[in-house]
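# Chain and residue survey
As a plain string of letters, each chain reads:
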Amino acid sequence: MDDGAVPPLARGTFRATITGVGRPGPIEERLGCRLVRIVDPTSKEGASLLRGHQVTVIGPEGTALGRVNLSQARRLLRLRLEGVLAKMGGDDGAEAIRDGLVRLRRAGPRIGRA
C-alpha cells in the first residue's frame, strides 16, 4: 500500500422516521450506536440517499419498513392504516384513521420534490 494513500472513510448506516402523513424526518447516519451526522431529507444528498434505497425507513410506531423509497413507504403506511381501519369497524378511533388516510393522500404528491 502506498504511504500517501488515504483509506476510504467508513460509511455508516442511514435511517429516517416517516411521519403519519408520509413525510420523512431527518436522515441519521450512524456508525454502530454513535450518531455521526444528520442529513436533511430535502437536500440533494438526502433525496439521493432516499432514491438510492440507502435509508432504512422507520414507520410511525417504530416498525422498520426496510430500504424503500418514499412512494413505497407511503404505500406500506397506507396499507397499514387501511388494515387497522378494517379491524376497527365503527369504533371511535376509526374517524382518526380515516383522517390520517386523507392527510396521507394529500401529502403524497409533494414528497421528494425540490
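Scroll up to find the structure this text is about.
Here the structure is a predicted model, which means the values were calculated and not measured.

## Details of the side chain of Arg-30
In this structure, Arg-30 sits in strand β2 (residues 27–31). A distance of 2.8 Å separates a polar atom in the side chain of Arg-30 from the backbone oxygen of Cys-33. Residues contacting Arg-30, with those up to four places away along its chain left out, are Gly-12, Thr-13, Arg-15, Leu-35 and Val-36.

## Details of the pattern of salt bridges
As enumerated under the stated definition, the model contains 7 salt bridges in all. For Arg-37, the salt bridge identified is with Glu-45, shortest N-O distance 2.6 Å. Here Glu-95 ties to Arg-98 by a salt bridge, and the two come within 3.6 Å at their closest N and O atoms. Taken together, the residues Glu-95 and Arg-98, both in helix α3 (residues 94–107) and 3 residues apart, mark about one turn of the helix. Taken together, the shared-partner salt bridges in this structure form one network comprising Arg-15, Glu-28 and Arg-30.

## What about the pairing of strand β3 (residues 34–39)?
With 5 bridges joining them, β2 and β3 adopt antiparallel strand pairing. Of the residues in β3, the one forming a bridge with Glu-28 is Ile-38. Hairpin geometry of β2 and β3 is characterised by an intervening segment of 2 residues between the two adjacent antiparallel strands and by a positive phi of about 65° at Gly-32.

## A closer look at the nonpolar core
In this structure, Phe-14, Ala-16, Ile-18, Ile-27, Val-39, Leu-49, Leu-50, Val-55, Val-57, Val-68, Leu-70 and Ala-73 together form the largest nonpolar core, which totals 12 residues. Aside from chain neighbours lying at most four places away, what touches Val-39 is Pro-26, Ile-27, Glu-45, Gly-46 and Leu-49. Counting 7 residues, the second-largest nonpolar core is a separate cluster that includes Leu-77, Leu-85, Ala-94 and Ile-97.

## Things to note about the pairing of β2
Where strand β1 (residues 13–17) meets β2, 3 bridges bridge the pair, whose relative direction is antiparallel. Looking across to β2, one finds that Thr-13 is bridged to Arg-30.

## Here we look at the sheet that holds β1
The 5 strands lie next to each other as β3-β2-β1-β4-β5, forming an open sheet whose pairing is mixed. Whereas interior strands pair on both sides, the edge strands pair on one side only; in this sheet they are β3 and β5 (64–66). Strand-to-strand twist of the sheet, defined as the mean angle between neighbouring strand axes without regard to direction, takes the value 30°. Pairing analysis gives 2 bridges linking strand β4 (residues 55–58) to β5, with the strands arranged antiparallel.

## Observations concerning the packing of helix α2 (residues 70–88) against α3
Between α2 and α3, the shortest axis-to-axis distance is 10 Å and the interhelical angle comes to 160°. Here α2 is positioned roughly antiparallel relative to α3, judged by the angle of their axes. Remark: the crossing between α2 and α3 carries left-handed chirality. Of the residues in α3, those in contact with Arg-74, Leu-77, Arg-78, Leu-81, Glu-82, Val-84, Leu-85 and Met-88 of α2 are Ala-94, Ile-97, Arg-98, Gly-100, Leu-101 and Leu-104. Residue composition of the contact of α2 with α3, by class: 9 nonpolar, 1 polar and 4 charged.

The rules behind the values
- Sequence order as written defines the numbering, with residues in each chain counted from 1.
- Confidence filtering applies because this is a predicted model: local features only for residues at pLDDT of at least 70, side-chain atom pairs given and counted only at 80 or more, and all residues used for totals across whole chains, interfaces and linings.
- Heavy atoms throughout the structure, all of them, feed into the side-chain values; hydrogens and water do not.
- Every helix listed is a DSSP run of H or I at least four residues long, and every strand listed is a run of E at least two residues long, numbered separately from the N terminus.
- Polar contacts, as used here, are pairs of N or O atoms within 3.5 Å; protein pairs need one atom able to donate a hydrogen and one able to accept it. Residues neighboring in sequence count only if both atoms are side-chain atoms.
- The contact criterion used is simple: two residues touch if any of their non-hydrogen atoms lie within 4.5 Å.
- Salt bridge, as applied in this entry: a Lys or Arg side-chain nitrogen positioned within 4 Å of an Asp or Glu carboxyl oxygen.
- Strand pairing requires that DSSP identify at least two bridges connecting the strands.
- Residues enter a nonpolar core if they are buried and are Ala, Val, Leu, Ile, Met, Phe, Trp, Tyr or Cys, with the set joined through side-chain atoms within 4.5 Å.
- Only protein chains enter the accessibility calculation, which uses a 1.4 Å probe; a residue is then buried when its area is under 20% of its type maximum, exposed when over 50%, and partly exposed in between.
- Interaxial angle, 0 to 180 degrees, is taken between N-to-C directions of lines fitted to C-alpha atoms, where a helix line uses only the stretch in contact.
- Small angles under 35 degrees read as roughly parallel and large ones over 145 as roughly antiparallel, with 65 to 115 read as roughly perpendicular and the rest as oblique.
- For any pair of crossing helices, the crossing counts as left-handed if the nearer helix is rotated counterclockwise from the farther one by less than a right angle, and right-handed if it is rotated clockwise.
- Each residue gets one label: Ala, Val, Leu, Ile, Met, Phe, Trp, Tyr, Cys and Pro are nonpolar, Asp, Glu, Lys and Arg are charged, and the others, such as Gly, are polar.

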